[in-house]
Amino acid sequence: MQYIKFNKELWKKENINNPIEKICGIGTSVLALIFFGMVAIASIGFTSVIDQNSYAGEHILYEKDNVFLNILFILLFVAIAVLLYYFRDIFMKIPESKLKVGLFVYTIVVGMIWVIKVQCVPAFDSGQIYDTAAMFVKGDMTPMTISTWESLFEDMSYYQPFPHQLGLVFICEKLYQICGFETALPVEIFNVVCLALMYLGLQKIAKRLFNSKGVVLILTVILALCLQPLFMTAFPYGIIIGFSAAIWSYYFILCFMQSNHAKKALYILPATFLMVFSVLAKYNNLICVVAITIGLVVYIIREKEWISLALVAVFCIVAFNSMSIVVMHYENKSGVVLKPGVTQMMFLDMGLNESGMAPGWYNGRTIILYKKHNGDSEAATKEAKEDISKRIDKFLSDATYRRDFFGKKILSQWNEPSYESIWASQVKGHYYGKVDKESWLNKVYRQNDQDGNPVYDGSWGKKLDAYFNIYQMLMFVMFSVAMISFIRKRCNAETMILILILIGGFLYHLFFEGKSQYCVSYFVLISFFAAYGTYLIAKTVELKLPLKK
């Protein structure tokens, strides 16, 4: 079985002749290693945690870890990986089809149990979206004129400042029309299905990129142990739905890049459709559009397939304009013309300012500026630019403050091991009412009242937090190993796209609005590369310390 033998080529420089691909491959790998390697090092010594006091809200605390114990966990993880690799003949007998079916069924079963048990009632942004979708199904277009319940917006429609949220409304409306329900439970179940499909897509991508059953096997185990996205399925928002579609869009792009047959351009059709779906579910997934476009351009230069530039142009144009089409659809249907809304410059202003949660997290500045100027986006953006200029001056003149602000902003997002996956449903209502004291959900949730007394049992929650902390640290360390390999191998255009998605997510949330919740989908991708890093290090250690069976 050749695929289980040590392959020194995994660590040698890949023979990539195109200089642009070499430069881009090294550059993306180095950047990813710097960004997330920094998080890996920090995760050994520190952990960002959500303040469990009920009055604190999304307030992030920074706690020290036991460095010695964390290093032992890393060594133990490597030892287990090497041991399992030693007995690889046993595991390699498992058909890949069973790995895929097994992970898919496992994700569906565990996810369904969780969302049905939680039955989370959406609130704030998600609450507005699902209320709107339910009303639109009945033909009631009132939400286009006035906010239905949020006092923050008073007499203003939620979609005046945030028209891009109509993309998720459109998806939910169609889902409600199919299932006939008006609660968020169908969307939460759809979250579970999308997560299972995301994992299946990553397994197929791993096989295509690494051509190793060993990597697919390790990835299957790692994804099964990645519990944060499973808990996030109870949060009815577009994070999981959108990223799952983006992963499958990339899969078809990968098929296009690796195919030689004459009709390979047909792969762009499902890729474009899925990316449109991804952007509608979560507008920030335009990051994936940019990453795929860059990778495709590098591929076209490498292969000299200049005619494919037209396909890339179509992919970009459709993806970038899909949200505008949906907004126009609802404007025509309601007779209400929406204003441009909050601009990215206003989100940048928010991301560069302090917040009671953590540096650069939500502070209400976008809506404050928007309302201050009576919905005049141009005037609000002008003031945002002025404030950004002041913030830049502050960062440039005070190095200590700059390091503290961005250091805490990075760690509060990427080094918060739970990614708010449990907290997201814990702070919401439940369709069945309060959590029963005898329920196992009472043991999962952790929260203190204003006097510091525990509201829930929280015994399982404490163990889960400890598990999240160790798992996250291991994933970032193994991810760093994978990036070192890619620097040596000169990663190609195909692999570069996934790394660019991570770099784009890191940079966007570094400067714009931050939140650990937004990073959970990127963490799945980090775990994807961590599987490859684990595979490499297990093979390398066995080579240095050869064992005879």
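For the structure, see preceding data.
Residues numbered from 1 in each chain as written. Predicted model: local features only at pLDDT ≥ 70, side-chain atom pairs only at ≥ 80, totals over all residues. Heavy atoms only, no water.

**Q** So what exactly am I meant to see when it comes to the pattern of salt bridges here?
**A** A pair can form between side chains of opposite charge whenever their charged atoms are brought close. The full count for this structure, using the stated rule, is 13 salt bridges. The shortest N-O distance in the salt bridge between Lys-333 and Glu-173 comes to 3.5 Å. Of this pair, Lys-333 sits in helix 13 (residues 309–334) while Glu-173 sits in helix 6 (residues 166–179); the two residues are 160 residues apart in sequence, bridging distant segments of the chain. Given a relative accessible area of 1%, Glu-173 falls into the buried group. A salt bridge links Lys-394 to Asp-398; its shortest N-O distance comes to 3.6 Å. Residue classification places Lys-394 among the partly exposed residues on the basis of a relative accessible area of 34%. One salt-bridge network, in which partners are shared between bridges, spans Glu-21, Arg-302, Glu-303 and Glu-494. (Salt bridge = Lys/Arg side-chain N within 4 Å of Asp/Glu carboxyl O. Helix = DSSP H or I, 4+ residues; strand = E, 2+ residues; numbered from the N terminus. Buried < 20%, exposed > 50% of the residue type's maximum accessible area, 1.4 Å probe, protein only.)

**Q** Got a minute to help me understand the state of the cysteines in this structure?
**A** What is meant by a disulfide is a covalent connection between two cysteines, made through their sulfur atoms. Applying the stated criterion across every chain, the model contains zero disulfides. Cysteine Cys-316 shares no disulfide, and the gap to the nearest cysteine sulfur, in Cys-288, comes to 13 Å. No disulfide involves Cys-519; its sulfur sits 13 Å from the nearest other cysteine sulfur, which is in Cys-288. (Disulfide = S-S within 2.5 Å.)

**Q** Honestly, the environment of Met-232 in this entry has me stumped. Any pointers?
**A** Among the secondary structure elements, Met-232 is positioned in helix 9 (residues 228–232). Taking the relative accessible area as the measure of exposure, Met-232 reaches 1% and is therefore buried. On a C-alpha basis, the gap between Met-232 and Glu-188 in space is 9.2 Å, while along the polypeptide they are 44 residues apart.

**Q** Just to check I follow, could you spell out a nonpolar patch on the surface for this structure?
**A** Together, Val-67, Phe-68, Leu-69, Ile-71, Leu-72 and Leu-75 give the surface a local cluster of nonpolar side chains, amounting to about 560 Å² of exposed area. Looking at the secondary structure, you find Leu-69 in helix 2 (residues 67–86). (Patch = residues over 30% accessible without salt bridge, like charges linked within 9 Å, V, L, I, M, F, W, Y side chains within 5 Å. Areas by Shrake-Rupley, 256 points an atom, 1.4 Å probe, with all protein chains shown as cover.)

**Q** Is there a simple way to think about the packing of aromatic side chains in this case?
**A** Each aromatic ring pair is summarised here by two numbers: the centre-to-centre distance and the angle between the ring planes. Scanning the model with the defined rule gives 40 aromatic pairs in all. With a centroid separation of 4.9 Å and 35° between ring planes, the pair formed by Phe-136 and Tyr-330 is classed as tilted. Of this pair, Phe-136 sits in helix 5 (residues 124–137) while Tyr-330 sits in helix 13, and the two are 194 residues apart along the sequence. Considered together, Phe-136 and Tyr-330 belong to a single accessibility category, that of buried residues. Taking the ring centre of Tyr-85 as reference, the NZ or CZ of Arg-88 above it sits at 4.2 Å. Over the ring of Phe-405 we find Arg-391, and its NZ or CZ is 5.5 Å from the ring centre. (Phe/Tyr/Trp six-rings, centres within 6.5 Å; stacked < 30°, edge-to-face > 60°. Lys NZ or Arg CZ within 6 Å of the ring centre and 35° of its normal.)

**Q** Just checking my understanding: could you explain the environment of Leu-296 for this structure?
**A** When you line up the elements, Leu-296 lands in helix 12 (residues 286–303). Separated by 15 residues in the primary sequence, Leu-296 and Leu-311 place their C-alpha atoms 9.7 Å from one another. The residues contacting Leu-296, other than those within four sequence positions of it, are Ile-253, Phe-256, Met-257, Val-312 and Ile-497. (Contact = heavy atoms within 4.5 Å.)

**Q** Honestly, the nonpolar core in this entry has me stumped. Any pointers?
**A** For soluble globular proteins, the rule of thumb is that nonpolar side chains tend to be buried together. Counting residues in each nonpolar core, the largest one holds 176 residues, and the members touching the most others are Phe-36, Leu-166, Trp-414, Leu-525, Phe-528 and Phe-529. Examining the composition of this core, we find that 15 residues originate from one element, helix 22 (residues 520–544), more than from any other. Not counting the four nearest positions on each side in its chain, Phe-36 is found in contact with Trp-414, Phe-476, Phe-479, Ser-480, Leu-502, Phe-506 and Ile-526. Core analysis: the next-biggest nonpolar cluster, separate from the first, contains six residues, Ile-50, Ile-60, Ala-358 and Trp-423 among them. (Core = buried A, V, L, I, M, F, W, Y, C linked by side-chain atoms within 4.5 Å.)

Geometric values such as these leave the question of function open.
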